[in-house]
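Observations on the model geometry
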Amino acid sequence: MPVLIVGSIALDTVKTPVEEHADLLGGSASYAAVSASFFSPVRLVGVVGTDFPQEHIEFLRSRGVDLDGLQVVDGRTFRWSGEYHWDLNTRTTRSVALNVFEHFNPVLPTSYVQTPVVLLANIAPALQMRVLDQVEAPRFVIADTMDLWIETTNADLRRLIPRTDLLICNDGEARQLTGETSLIRAGHRIREMGAKFVAVKKGEHGCLLFGEGQFFSCGAYPLEDIHDPTGAGDTFAGGVAGWLAGLGKETFHFQDLRRAVVYGSVAASFNVEAFSLDRLRSLTREEIEERYRTFRLMSQFEAMA
Ligand code: AMP
């Protein structure tokens, strides 16, 4: 079952305490699309400028990503630059240039209109809604967001949330969106805003999943060496969406969501092992399954006799 993904496609400049790299392939949709492609066919919606390197297009194509919804327009590609602090968990955005994103008008190719699973990766909620408006009766809609939209386009985001089956955000964003300090309360509050399920990511501490009277806490796969955390959230979202789509079901239950967030976490754990999408270039489905098994063994504990 295919998954439709809309989001940013970017050229990133990333600085960590040990390395700095410029003009890397990035963007929420790039990470999400490649991550999802390990589990299901992907249809990408996005925009790049004429400066976007052909090799990146070839890479996406090599992952089987359908690029009929990718617009190449006159101008410069979206650019983002960020700097990580010593703990690699917090970062400062150094610059954002919307460039071709400023006038982006997503139009779905007719071949995309009937896509059962939709991932609205991180971009302005108004754009996410414009894409969603064009999909005919999607079975499962996932949306990711960020602090910027909670701050600047809160009303749009509040209109989008009731249209989502799963809203993904991180701990800080969940607190910002709800005004709650407790993440458990925040998860419930976001459900009350209209999302059927909510996933709250906690960086290196895993994620929390909320459903109706249902709760799941998933750890994070322990890694000794993190090279570049950029895109971990997008890779997580792509893994969740791709894995659910790969199930090919009519409806998705909490049990499916539980497994999906574990696959998302596993995919994200690979992504942070190298800069940009580089680790995903060599990654195989077998490696994902092997890490899933190891992760499971690390996370389970026995019932008392
Ligand atoms: P993450 O590390 O999961 O927060 O995602 C980082 C990616 O998000 C980078 O590759 C950026 O290009 C992209 N990004 C940063 N800011 C924005 C924004 N305002 N809208 C869309 N994408 C963004």
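Everything here concerns the structure above.
The following refers to the structure shown. (Residues numbered from 1 in each chain as written. Predicted model: local features only at pLDDT ≥ 70, side-chain atom pairs only at ≥ 80, totals over all residues. Heavy atoms only, no water.)

**What to know about helix α1 (residues 28-36)**
Along an α-helix, residues three or four positions apart point the same way, because every turn accommodates 3.6 residues. Selection criterion: In this scheme, a residue with accessible area under 20% of its type's maximum is buried, one over 50% is exposed, and one in between is partly exposed, where area comes from a 1.4 Å probe on protein chains only. Helix and strand assignments follow DSSP, with helices taken as H or I runs no shorter than four residues and strands as E runs no shorter than two, numbered in order from the N terminus.
For α1, a buried count of nine out of nine residues is recorded, marking the element as mostly surrounded by other parts of the structure. All buried positions along α1 are accounted for by Ser28, Ala29, Ser30, Tyr31, Ala32, Ala33, Val34, Ser35 and Ala36.

**So, the pairing of strand β6 (residues 78-84)**
So the rule is basically this: Whether two strands pair comes down to DSSP finding at least two bridges between them.
Of all seven residues in β6, six are buried, a share of seventy percent or more. Where strand β2 (residues 10-15) meets β6, six bridges bridge the pair, whose relative direction is parallel. Looking at β6, one finds that Thr13 is bridged to Ser81. The sheet contact formed by β6 and strand β7 (residues 91-97) spans six bridges and is antiparallel. Bridged to Gly82 within β7 is Thr93. In this structure, the hairpin formed by β6 and β7 is closed by a connection of six residues, where Leu88 is found at a positive phi of approximately 60 degrees.

**A closer look at the site of the ligand**
Spelled out, the test is: The rule for a residue being near a molecule or strand is that one of its heavy atoms must lie within 4 Å of it. Whenever two N or O atoms come within 3.5 Å, that pair is a polar contact, provided that in protein one can donate a hydrogen and the other can accept it, and provided that, for residues adjacent in sequence, both atoms are side-chain atoms. Each accessible area value is a Shrake-Rupley result obtained with a 1.4 Å probe; residue values ignore everything except the protein chains displayed when judging cover. Lys, Arg, Asp and Glu make up the charged group, whereas Ala, Val, Leu, Ile, Met, Phe, Trp, Tyr, Cys and Pro make up the nonpolar group; the residues left over, Gly among them, are polar.
In the vicinity of the ligand there are 18 residues, among which Ser8, Asp12, Gly27, Gly231 and Asp234 approach most closely. The side chain of Asp12 places a nitrogen or oxygen atom 2.4 Å from an oxygen atom of the ligand. Interatomic distance of 2.8 Å between a side-chain N/O atom of Arg91 and an oxygen atom of the ligand. Protein chains bury 89% of the 500 Å² of accessible surface belonging to the ligand in isolation. Within the residue set of the shell around the ligand, elements represented by two or more residues are β2, β6, α4 (147-152) and α8 (232-247). Of the residues forming the shell around the ligand, the biggest block, three residues, is contributed by α8. Of the residues contributing to the shell around the ligand, the split by class is eight nonpolar, seven polar and three charged.

**Notes on helix α9 (residues 254-271)**
Condition: The span expected for a helix works out to 1.5 Å for each residue beyond the first.
For α9, spanning 18 residues, the distance from its first C-alpha to its last is 26 Å, which sits close to the expected 26 Å at 1.5 Å a residue. A large share of α9 lies buried, amounting to 15 of its 18 residues.

**What to know about the pattern of salt bridges**
Proximity of charged atoms lets side chains of opposite charge pair with each other. Let me state the cut-off plainly: Salt bridge, as applied in this entry: a Lys or Arg side-chain nitrogen positioned within 4 Å of an Asp or Glu carboxyl oxygen.
Scanning all chains against the criterion turns up 17 salt bridges. Residue Glu83 is joined to Lys15 by a salt bridge in which the shortest nitrogen-to-oxygen separation is 3.8 Å. A residue pair is termed long-range when its members are at least 10 positions apart, and Glu83 in strand β6 and Lys15 in strand β2 qualify at 68 residues. Across the salt bridge formed by Arg79 and Asp51, the nearest N and O atoms sit 2.9 Å from each other. Taken as a pair, Arg79 in strand β6 and Asp51 in the loop between β4 (42-49) and α2 (54-62) lie far apart in primary sequence, 28 residues in all.

**Re the packing of α8 against α9**
Counted only if it meets this: Every angle, taken between N-to-C directions, lies between 0 and 180 degrees, and every axis is a line fitted to C-alpha atoms, over only the stretch in contact when it is a helix. Comment on the angle field: the value is read as roughly parallel under 35 degrees, roughly antiparallel over 145, roughly perpendicular from 65 to 115, and oblique elsewhere. Crossing handedness: left-handed means the near helix sits turned counterclockwise from the far one by under a right angle, and right-handed means the same turn made clockwise. Residue contacts are defined here by distance: any two heavy atoms, one from each residue, within 4.5 Å place the two residues in contact.
Following both chains from N to C, one finds α8 and α9 inclined at 135 degrees, their axes separated by 7 Å at the closest point. Considering the angle they form, α8 stands oblique to α9. Remark: the crossing between α8 and α9 carries right-handed chirality. Judged by residue contacts, Ala232, Thr235, Phe236, Gly239, Val240, Trp243, Leu244 and Leu247 of α8 engage Asp256, Leu257, Arg259, Ala260, Val261, Tyr263, Gly264, Ser265, Ala267, Ala268 and Asn271 from α9.

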